[in-house]
Amino acid sequence: MPQQKFWKLVLPALLLLAGAVQAAESSPELLAKVAKANAECLACHSAAGLKAPPRAGLDLAKLGKLLVDDAHFDASNHTGMECTQCHGKNVSAYPHPADTRESIAPCEQCHAAKVMRVEKQIAGSVHGGEMQEPFTCLTCHNPHRGAIASRLKDARTAAAQDNKICLDCHQSGREMARVSGDAKARPDVDETHAWLPNTRLHWKAVRCLECHTASDKKPHEIVDKDKAERKCATCHSADSVLQTRLYRHQAVAEQERLGFLNSAVLSSAYVVGATRHPLLDKALIGMALLTVLGILGHGTLRILMALWRRKQKTAGKGNGHD
Ligand code: HEC
Ligand code: HEC
Ligand code: HEC
Ligand code: HEC
Ligand code: HEC
Ligand code: HEC
Ligand code: HEC
């Protein structure tokens, strides 16, 4: 029957959609249900679980390397999801089945379009070349922690999180050797960026991506040193690109209140036109007004003096004639 075939095709799609919508919205009942389900795994796979395992005879040395931080998971891209959505229902049983690791759902099972788009970006980036261990989503993304910038709101948190991904590898000979086969594949980034004053401060305040990608829309298309941004004024100026990149998720009012518009980015005196600190602005306007007043005052005084002198002169001349 064609109708039956229709539902066979459409029903799974609807269920999948419902699942995605469920994960996206977060009604209290749903969150409670997810928390309860995940607590079963976390009873073992957490620091607390390791300290007080729910059963005897577990391989605690092994378990100690397999912990998931509940708080990080709750703040991650995948908050609101059940562990078993990726790990499968079978893992609920313990001892786990032998294929527990192999049966983890791959990213493309839920993000087919994104994976295709991102894989293209990576292939066209500095990381797309021959590697001992080719880059996958898991090279940089931990499914249990980390959230994209739009979910973080705070620019410093985004910088810390995203830069950690790059620095954990680019500052580690061991990691470099693992992926490229050569521990010295790349020199230390602190040294190669010595031209950038306060290098470490920059790592905390601005993302590698801001200088090494052409657009915020393509965070995976990392460009090499020849195409990287090196002009200070790209960020340290009144029309800083950071306003459309790192800080774009912050409301303008918020930018003004604490972060961006008052920050060292724009008040750095060494960049022309960069003074945007409100107090400095006021001081500058005040000084400009004083200067104008000064000139006006000075001019008026000179005119008055000239008039007075001329009056004295004509008065003197008149006296002489009379
Ligand atoms: C009773 C304790 C316990 C519970 C409950 C538990 N696990 Fe485990 N899990 C372990 C231990 C111990 C290991 C280490 C390997 C082993 O002994 O199987 C492990 C290993 C794993 C691994 C790694 C497998 C591998 O081969 O590297 C994954 C993934 C995993 N568990 C996921 C889960 C998920 C998801 C849940 C909840 C549905 C869960 N576990 C519930 C104790 C538990
Ligand atoms: C979005 C999918 C997803 C969700 C949701 C998820 N995991 Fe995982 N998990 C993975 C992937 C992928 C890996 C393999 C990571 C790797 O190999 O680097 C993994 C690995 C693991 C491991 C092995 C640890 C390790 O470092 O290799 C454990 C244990 C685990 N998950 C437990 C959990 C628990 C507990 C939850 C729920 C609180 C959970 N996972 C939720 C995708 C997920
Ligand atoms: C079982 C389904 C599932 C799997 C498998 C899965 N995710 Fe997700 N992921 C989701 C859901 C649901 C969301 C939240 C809704 C959304 O933003 O698309 C999400 C969100 C994300 C986001 C935020 C994206 C955005 O634009 O908002 C990233 C990044 C992400 N996942 C990466 C990964 C990576 C990397 C893997 C593989 C390790 C993975 N996911 C595996 C279901 C999944
Ligand atoms: C070289 C490290 C790296 C690799 C490899 C990587 N990502 Fe990312 N990804 C990042 C960083 C950094 C961001 C920026 C996060 C942000 O917006 O703050 C990001 C952002 C994202 C986003 C949100 C922005 C967007 O373009 O939609 C998605 C979705 C995503 N990654 C998925 C993936 C998938 C899928 C893979 C595997 C095909 C992957 N990533 C591989 C580092 C990486
Ligand atoms: C797991 C390790 C690893 C991670 C994570 C990683 N990289 Fe790399 N990166 C490499 C390796 C290895 C190379 C050398 C590639 C080659 O020589 O073909 C490289 C090359 C580069 C280059 C090219 C240097 C040149 O020759 O001009 C830049 C730029 C770069 N990475 C930036 C980043 C940024 C930004 C991030 C974070 C989003 C990042 N990398 C994350 C390992 C890593
Ligand atoms: C202010 C802009 C800026 C920021 C931020 C930045 N870079 Fe760079 N990066 C550059 C420029 C410009 C070069 C080229 C320097 C040169 O040729 O001397 C470069 C060079 C590199 C190289 C190649 C070095 C070499 O000689 O092999 C790597 C790798 C790299 N950057 C990675 C990173 C990583 C990782 C981060 C974040 C921790 C980062 N960059 C942050 C601008 C930046
Ligand atoms: C990609 C954007 C970007 C680029 C390019 C950039 N900076 Fe910065 N810079 C920042 C940010 C963000 C801060 C942190 C400001 C803060 O603390 O709020 C900063 C801080 C600084 C500071 C410290 C200011 C202070 O008062 O503590 C100095 C000095 C500085 N930058 C100089 C430079 C110079 C010189 C260049 C060019 C060689 C440059 N920067 C390029 C974004 C950038």
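In this text, all values refer to a predicted model and were calculated from it rather than measured experimentally. (Residues numbered from 1 in each chain as written. Chains lettered and ligands numbered in written order. Predicted model: local features only at pLDDT ≥ 70, side-chain atom pairs only at ≥ 80, totals over all residues. Heavy atoms only, no water.)

Q: When you look at a nonpolar patch on the surface in this model, what are you seeing that I'm missing?
A: On the surface, a nonpolar cluster with roughly 300 Å² of combined accessible area is contributed by Ile303, Leu304 and Leu307. Tracing the sequence through the fold places Ile303 in helix H17 (residues 278-321). With relative accessibility at 54%, the residue Ile303 sits in the exposed group. (Patch = residues over 30% accessible without salt bridge, like charges linked within 9 Å, V, L, I, M, F, W, Y side chains within 5 Å. Areas by Shrake-Rupley, 256 points an atom, 1.4 Å probe, with all protein chains shown as cover. Salt bridge = Lys/Arg side-chain N within 4 Å of Asp/Glu carboxyl O. Helix = DSSP H or I, 4+ residues; strand = E, 2+ residues; numbered from the N terminus. Buried < 20%, exposed > 50% of the residue type's maximum accessible area, 1.4 Å probe, protein only.)

Q: Help me understand the environment of Lys217, please; the structure alone is not making it clear to me.
A: The residue Lys217 is located in the loop between helix H14 (208-212) and helix H15 (252-257) in this model. Residue Lys217 is classed as exposed on the basis of its relative accessible area, which comes to 70%.

Q: Would you mind going over the coordination of the iron atom of ligand 4 with me for this structure?
A: Under perfect tetrahedral coordination by four donors, a metal shows angles of 109.5 degrees; under perfect octahedral coordination by six donors, it shows angles of 90 or 180 degrees. Every protein donor of the iron atom of ligand 4 is listed here as His141 (NE2) and His220 (NE2), and their distances to the metal cover 2.0 Å. Classification of the site at the iron atom of ligand 4 as octahedral follows from its six donor atoms and the range of 88 to 180° in their angles at the metal. Remark: His220 occurs in the loop between H14 and H15 and His141 occurs in the loop between helix H8 (137-140) and helix H9 (149-152); sequence separation between them is 79 residues. By relative accessible area, His220 is classed as partly exposed at 23%. (Donors = N, O, S within 2.8 Å, 3.2 Å for Na, K, Ca; no water. Tetrahedral: all angles 85-135°; square planar, octahedral: opposite > 155°, others 65-115°.)

Q: Explanation requested: empty space enclosed by the protein in the structure shown.
A: Take a probe with the size of a water molecule and roll it over the atoms, and the empty space left behind shows itself. On inspection of all chains with the given rule, the structure shows one cavity of 30 Å³ or more. Roughly 30 Å³ of volume is contained in the largest cavity. Along its surface, the largest cavity is lined by Ala149, Leu152, Lys153, Asp154, Ala155, Ala158, Leu246 and His249. Within the residue set of the lining of the largest cavity, elements represented by two or more residues are H9 and helix H10 (155-170). Looking at the lining of the largest cavity residue by residue, the classes come out as five nonpolar, one polar and two charged. (1 Å grid on protein atoms, 1.4 Å probe; cavity = no way out; pocket = protein on both sides within 12 Å on 5 of 7 lines; lining within 4 Å. Points joined across faces, edges and corners; volume = space filled by probe spheres on them. Nonpolar A, V, L, I, M, F, W, Y, C, P; charged D, E, K, R; others polar.)

Q: Sorry if this is basic, but what is going on with the site of ligand 4 here?
A: With respect to spatial proximity, 18 residues lie near ligand 4, and among them Cys137, Cys140, His141, Asp162 and His220 are the closest. Asp162 is positioned such that a nitrogen or oxygen atom in its side chain is 2.8 Å from an oxygen atom of ligand 4. Here an oxygen atom of ligand 4 and a side-chain polar atom of Arg207 are 3.3 Å apart. For the shell around ligand 4, the secondary-structure elements that each account for two or more residues are helix H7 (112-123) and H8. Considering every element that reaches the shell around ligand 4, the biggest residue donor is H7, with six residues. In the shell around ligand 4, the residues fall into 10 nonpolar, three polar and five charged. (Near = heavy atom within 4 Å. Polar contact = N/O pair within 3.5 Å; in protein donor to acceptor, adjacent residues only side chain to side chain.)

Q: Is there a simple way to explain the packing of aromatic side chains in this structure?
A: To describe a pair of aromatic rings, one takes the distance between the centres and the angle between the planes. Counted by the stated rule, this structure contains zero aromatic pairs. Directly above the aromatic system of Trp195 lies the positively charged group of Arg230, at a separation of 5.8 Å from the ring centroid. (Phe/Tyr/Trp six-rings, centres within 6.5 Å; stacked < 30°, edge-to-face > 60°. Lys NZ or Arg CZ within 6 Å of the ring centre and 35° of its normal.)

Q: So what exactly am I meant to see when it comes to the coordination of the iron atom of ligand 2 here?
A: Coordination sphere of the iron atom of ligand 2, protein contribution only: His87 (NE2) and His144 (NE2), at 2.0 Å. Geometry at the iron atom of ligand 2 is octahedral, judged from the six donor atoms that bind it and their angles of 86 to 180° at the metal. On the criterion of sequence distance, the pair formed by His87 in helix H6 (residues 83-87) and His144 in the loop between H8 and H9 is long-range, its members being 57 residues apart. Overall, His87 belongs to the partly exposed group, its relative accessible area being 25%. With relative accessibility at 28%, the residue His144 sits in the partly exposed group.

Q: Help me understand the UniProt feature "domain: Doubled CXXCH motif" (unreviewed entry) in the protein chain in this model?
A: The positions that UniProt labels "domain: Doubled CXXCH motif" (unreviewed entry) are, in the present scheme, residues 136-173. With 66% helix and 0% strand, residues 136-173 has end C-alpha atoms that lie 20 Å from one another. (UniProt positions renumbered as here; feature names shortened; annotations may be inferred.)

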